[in-house]
Amino acid sequence: MAARHEPQPPSALVQCSRAECLDLLAGSSIGRVVVPIGVNSQPVIHPVNFVFDAVSQSVIFRSAEGSKLYALLHSTRAWLEVDDIDVAGHSGWSVIIEGVTEPVRD
């Protein structure tokens, strides 16, 4: 379980450690994958359901044939953004990771 920071003033920003970020990532299942496409590398954002494999430190998700899969397979990098917000508590967190994509067939 990730360490939760004490509520801070609304303008306070606290940077989490790598371990805390990985814990937050592992406790999540919905995020947004961002992939640059085209000659201008325009970002394309797709929501995804995912699992985080702590052993390989990989994010895994399924995708049917289509624009999301095409963009992922033809890109040299991708980002995943995961977040949560507590409106009543005036707090939240966001984890953004960058990596390479590769198909997994088994």
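Scoring rules and cut-offs
Residues numbered from 1 in each chain as written. Predicted model: local features only at pLDDT ≥ 70, side-chain atom pairs only at ≥ 80, totals over all residues. Heavy atoms only, no water. Salt bridge = Lys/Arg side-chain N within 4 Å of Asp/Glu carboxyl O. Helix = DSSP H or I, 4+ residues; strand = E, 2+ residues; numbered from the N terminus. Buried < 20%, exposed > 50% of the residue type's maximum accessible area, 1.4 Å probe, protein only. Pairing = 2+ DSSP bridges. Core = buried A, V, L, I, M, F, W, Y, C linked by side-chain atoms within 4.5 Å. Contact = heavy atoms within 4.5 Å.

Caption draft 1: Looking closely at the pattern of salt bridges. For the structure shown, the criterion picks out two salt bridges. With a shortest N-O distance of 2.5 Å, Arg32 and Glu81 are connected by a salt bridge. Of this pair, Arg32 sits in strand E1 (residues 30–37) while Glu81 is found in strand E5 (residues 78–86), placing the two residues 49 residues apart along the sequence. One salt bridge in this structure joins Asp83 and Arg32, with 3.0 Å as the shortest N-O distance. Residue Asp83 is found in strand E5, and its partner Arg32 is found in strand E1; the two are separated by 51 residues along the sequence. Exposure remark for Asp83: the relative accessible area of 39% places this residue in the partly exposed category. Here the residues in one salt-bridge network are Arg32, Glu81 and Asp83, joined through shared partners.

Caption draft 2: Looking closely at the pairing of E1. Relative to strand E2 (residues 42–49), E1 is paired through eight bridges, and the arrangement is antiparallel. Paired with Ile37 across the strands is Gln42, a residue of E2. Linking E1 to E2, which pair antiparallel, is a turn of four residues; within it Gly38 sits at a positive phi near 80 degrees. Sheet topology note: the E1/E5 ladder contains three bridges and is antiparallel. Bridge assignment links Val34 to a residue of E5, and that residue is Trp79.

Caption draft 3: Quick look at the nonpolar core. In this structure, Leu25, Val33, Val35, Leu80 and Val82 are the most contacted members of the largest nonpolar core, which totals 14 residues. When contributions to this core are tallied by element, the ones reaching two or more residues are helix H1 (18–26), E1, helix H2 (67–73), E5 and strand E6 (91–99). Looking at this core element by element, the count peaks at three residues for E5. The residues touching Val82, leaving out its near neighbours within four places in the chain, are Leu25, Ser28, Ile30, Gly31, Arg32, Phe50, Trp93, Ser94 and Val95.

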